[in-house]
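Chain by chain, the residues:
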Amino acid sequence: KKKATHILYEVAFQHWRASTPDKAWYGVCSDQSFRQELRKYIAPCSDISVVKPPKGVISVAMHVRTGDGYDPGSLVDSYYEKFPKDDFFIDQILRLNEIFRGNSLYIYIFTDSLNTGVIKAKFQSVFSDYPSIVFNCKDGDNGWDNNVLEDLFSMPYFDCLIRPKSGYSVIAQAIGNYKVVLYPGGEINNLTTSN
């Protein structure tokens, strides 16, 4: 049977059970040769438009999952780690600002939200006293079923990842080579020298 070419096939697995006891990798192996293999198999079959960050900054892919138009409100309200509130993201941005003190942060918001501009404006307002932190996101048509592949394969181009406990951004973590990954309950810092 011929497979559709425009569909992302994701094999479900209980990634939280495959984690190390300290949940440091949340089911993603840190072995670089294994990551190379994953990158061969988790790749687009045809050209897609990806977001690439500007050079000369510390670039951050921030996955803000809202559940807009898909997940029931009761799930969004009760599952903090999968749908972190603003305070989580604010704390992680401050953490990266501390780690990369003296560097500009370019934060691109990858989201399922129907209102990307509202999310961007909210974070810009919170960090208005931080001129070295810049936010960006996709404008226009967005939602839980739009830009799925484009976003997934854009995130690995960034230096850092802030993500919820979501299988989707765990895949981005698995195929990326991030300096720092921040998620509810954990931090992975791959920096060899302190900044």
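As a reminder, the structure under discussion sits directly above these lines.
Analysis parameters
- Residues numbered from 1 in each chain as written.
- Predicted model: local features only at pLDDT ≥ 70, side-chain atom pairs only at ≥ 80, totals over all residues.
- Heavy atoms only, no water.
- Helix = DSSP H or I, 4+ residues; strand = E, 2+ residues; numbered from the N terminus.
- Contact = heavy atoms within 4.5 Å.
- Buried < 20%, exposed > 50% of the residue type's maximum accessible area, 1.4 Å probe, protein only.
- Polar contact = N/O pair within 3.5 Å; in protein donor to acceptor, adjacent residues only side chain to side chain.
- Phe/Tyr/Trp six-rings, centres within 6.5 Å; stacked < 30°, edge-to-face > 60°.

### Brief notes about the environment of Ile58
1) Next: Relative to the elements of secondary structure, Ile58 occurs in strand 1 (residues 58-64).
2) Next: Those residues in contact with Ile58 that lie beyond four places of it in its chain are Phe100, Asn103, Ser104, Leu105, Tyr106, Asp159, Cys160 and Lys179.

### Here we look at the side chain of Ser113
1) Next: Position of Ser113 relative to the elements: it lies in the loop between strand 2 (105-111) and helix 4 (116-126).
2) Next: Accessibility expressed as a relative area gives 3% for Ser113, which makes it buried.
3) Next: Among the polar contacts made by the side chain of Ser113, one reaches the main-chain amide nitrogen of Asn115 at a distance of 2.9 Å.

### Focus: the side chain of Asp151
1) Next: Position of Asp151 relative to the elements: it lies in helix 5 (residues 148-154).
2) Next: For Asp151, a relative accessible area of 7% gives the class buried.
3) Next: Not counting residues up to four positions away in its chain, the partners in contact with Asp151 are Phe110, Thr111, Lys138 and Tyr168.

### Considering the packing of aromatic side chains
1) Next: Under the criterion given, the structure shown has 8 aromatic pairs.
2) Next: Arranged with centres 5.0 Å apart and planes meeting at 75°, the rings of Phe88 and Phe89 form a pair that is edge-to-face.
3) Next: Taken together, the ring pairs connect Phe88, Phe89, Phe123, Phe127, Tyr130 and Phe135 into an aromatic cluster.

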